[in-house]
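# Descriptive structure summary
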Amino acid sequence: MKKCTYLWILVGLFSCLMLAAAGCSSEKKSGSGTKEKVLKFITVWPANTMDPHRCHFSFILNSGAMETLVGLDPKTTELYPWLAESWKSEDGQHWEFKIRKGVKFHNGKDLTAEAVKASLERSISANPGVKASLKITAIEVAGDILKITTENPYPALPSELVHYNTVIMDVAVPDNKPPIGTGAFMFASFDIAKGAELVKFPQYWNGIAKLDRVIMTFNDDANARLLALQSGDADIIYRPALDTLQTLRKDDKVIVESVPGKRVYHLIYNYAGKNQDLWSNEEFRKGIDALINRQEIVDKVMGKEAVVAYNPFPGIYSFSPDSKPHIYSIEKALQHFQAAGLTVQDGKVLRNGQPIKLRMATYIARPELPQIAQIVQATAKQVGIEMEIQVAENIDEYLPQGNWDLVTYSLLTTTRGDGAFFLNAAFSPKGMQNHGRLTVPELISLLDTYNQTIDKAKRNETAKTIATMIEERAYNAYITSPYETAAYRKNVKGWVTPSNEFEFQMVTKDLDIVSE
């Protein structure tokens, strides 16, 4: 057993102890004799640091302690004013954000435009990814107005300010202390290896929270989260394992919610690896695509808690490509491989007289991905293509090493009401999610045009053109869009299952717990 596994076991045990310490009852007598409302919530990912501007995951935003200038409605995924009352720009390059009045940090300081400026500048300085995504060249303050200038016309700026690394904090707080934000809850304690205890902030600008305390922990083991819910050691668990949903739905004390997600499970190809000649061949990519039985994956792997995807924007969004189902067909795949210049002999594909051997990476944090890899592997074997599956403990550390040919991966694609985040992250030459190092001049030119287009209708049309090109040329293989799920006890009120975990608070002022 590896060291990392021991660590997670210890984390899981501590989580249970922490939850147990919070008591089995959700309502406890406080020191004043009134009933204290305590909710126990287990999410999937930890915070790797207490610094919200450097954190790799959204634990801190999810906690309800921090807020951003611009929010994202979990039901509509439309942007809404949060710490910024409003924003405007005539040319898409010079922006004015009006900072909301009457907002206080948890330490009693007023939120001002100067404080917001200091927080944004800190996030840009601390996180190269934030700097790259915001593209800010100058920030000035005029009263309660924050004036922002970007490198070029950049209509995606308000959307990028949704990101959990752009939360507004009091920058005077030492790095070794929990962050001070403006949310409905504030940190009473925070240990990145264990979890956080949050208490309601009595001066919250948007109404006092209904809960008194929240014990928020994490566990990437779906079975451990399930057991915690069933035993009463958790009131809410995020993303229970798909194969447990039917069991949970039979529990009369539990509510299971499943909502359409904003991510797509897909295959990314390595255009910079040792088999880059294969992936640079469009006919080879189309052959691999024809080997994917998407409906089988949705039915058997996803338990029908997903929809089939053929492109990065499945659905009926204004920027979705026209629906053109891809046919799963061994015969069709062989035709593509032959058109790619490969030899097809007795139903097997050969390159220079030898079988093709590929390494397919995957990871267990999303347990469906290794299963998808196995299905693709089995189908490829039918045509003589050998795929060695490599399960990485940390896929984002593994992929930069480059020793892989394709990977089953999960990315948010249709979030924030458009495809800007996904397109830039996945297809810019230096995009954080362009793991295959795909560089296509025509695609980059379209992306530049998209990024500088202000008119929303024209932006959507360009996004649709880009997505259509990606699908038609099979640059990656898009497979399925999973639903997002949560399970909670029936005495929990006010919970909203978001369409993804990265862009929303999960602990909110409206969350409540009542007597069972």
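Anything mentioned here points back to the structure above.
Here's a quick rundown of the structure. Sequence order sets the numbering: in each chain, residues are counted from 1 along the sequence as written. For this predicted model, a pLDDT threshold of at least 70 governs which residues receive local features, and a threshold of 80 or more governs which side-chain atom pairs are given and counted, while totals over whole chains, interfaces and linings are taken from all residues. For side-chain calculations, the full set of non-hydrogen atoms in the structure is used, while hydrogens and water are omitted.

Side-chain atoms within 4.5 Å link the members of a nonpolar core, which is a set of buried Ala, Val, Leu, Ile, Met, Phe, Trp, Tyr and Cys residues. Accessible area is worked out with a 1.4 Å probe on protein chains only. A residue is then buried under 20% of its type maximum, exposed over 50%, and partly exposed in between. If you look at the biggest cluster of nonpolar residues, it comprises 153 residues, and the most contacted ones within it are Leu 69, Phe 284, Phe 337 and Ile 385. Leave out the neighbours within four places in its chain, and Leu 69 touches Pro 81, Trp 82, Leu 83, Ala 84, Ile 99, Val 116, Leu 120, Leu 146, Leu 161 and Ile 168. By definition, residues are in contact when any of their heavy atoms lie within 4.5 Å.

What follows deals with the packing of aromatic side chains. Working definition: rings of Phe, Tyr and Trp (its six-membered ring) pair if their centres are within 6.5 Å, and the pair is stacked with planes under 30 degrees apart, edge-to-face with planes over 60 apart, and tilted otherwise. Enumeration over the complete set of coordinates arrives at 18 aromatic pairs. Consider the rings of Phe 59 and Phe 218, whose centres lie 6.3 Å apart with planes at 85°: the pair is edge-to-face. One end of the pair, Phe 59, is in helix α2 (residues 59-62); the other, Phe 218, is in strand β11 (residues 213-218), with 159 residues separating them in the sequence. Residue classification places Phe 218 among the buried positions, given a relative accessible area of 2%. Between the aromatic rings of Phe 313 and Phe 422, the centroid separation amounts to 5.9 Å while the plane-to-plane angle is 75°, which identifies the pairing as edge-to-face. The numbering of helices and of strands both runs from the N terminus, where a helix is a DSSP run of H or I of at least 4 residues and a strand a run of E of at least 2.

To continue, consider the sheet that holds strand β16 (residues 343-345). The sheet built from 3 strands is open, its strands ordered β16-β17-β18 with antiparallel pairing. In the strand order of this sheet, the two ends are held by β16 and β18 (354-355), each with one partner. In the sheet, strand β17 (residues 348-351) pairs with β18 via 2 bridges, with the strands oriented antiparallel. Within the sheet, the bridge partner assigned to Arg 351 lies in β18 and is Gln 354. One bridge is not enough; two strands pair if DSSP finds at least two bridges between them.

The term salt bridge refers to a pairing of a side-chain nitrogen on Lys or Arg with a carboxyl oxygen on Asp or Glu at a separation within 4 Å. Taken as a whole and judged by the stated rule, the model has 28 salt bridges. Residues Glu 197 and Arg 213 are paired through a salt bridge, measuring 2.6 Å at the closest nitrogen-oxygen approach. Remark: Arg 213 occurs in strand β11 and Glu 197 occurs in strand β10 (residues 195-200); sequence separation between them is 16 residues. A relative accessible area of 13% places Arg 213 in the buried class. Residue Glu 282 pairs with Lys 286 through a salt bridge whose shortest N-O separation is 2.9 Å. With Glu 282 and Lys 286 both in helix α9 (residues 282-290) and 4 residues apart, the pair spans about one turn of that helix.

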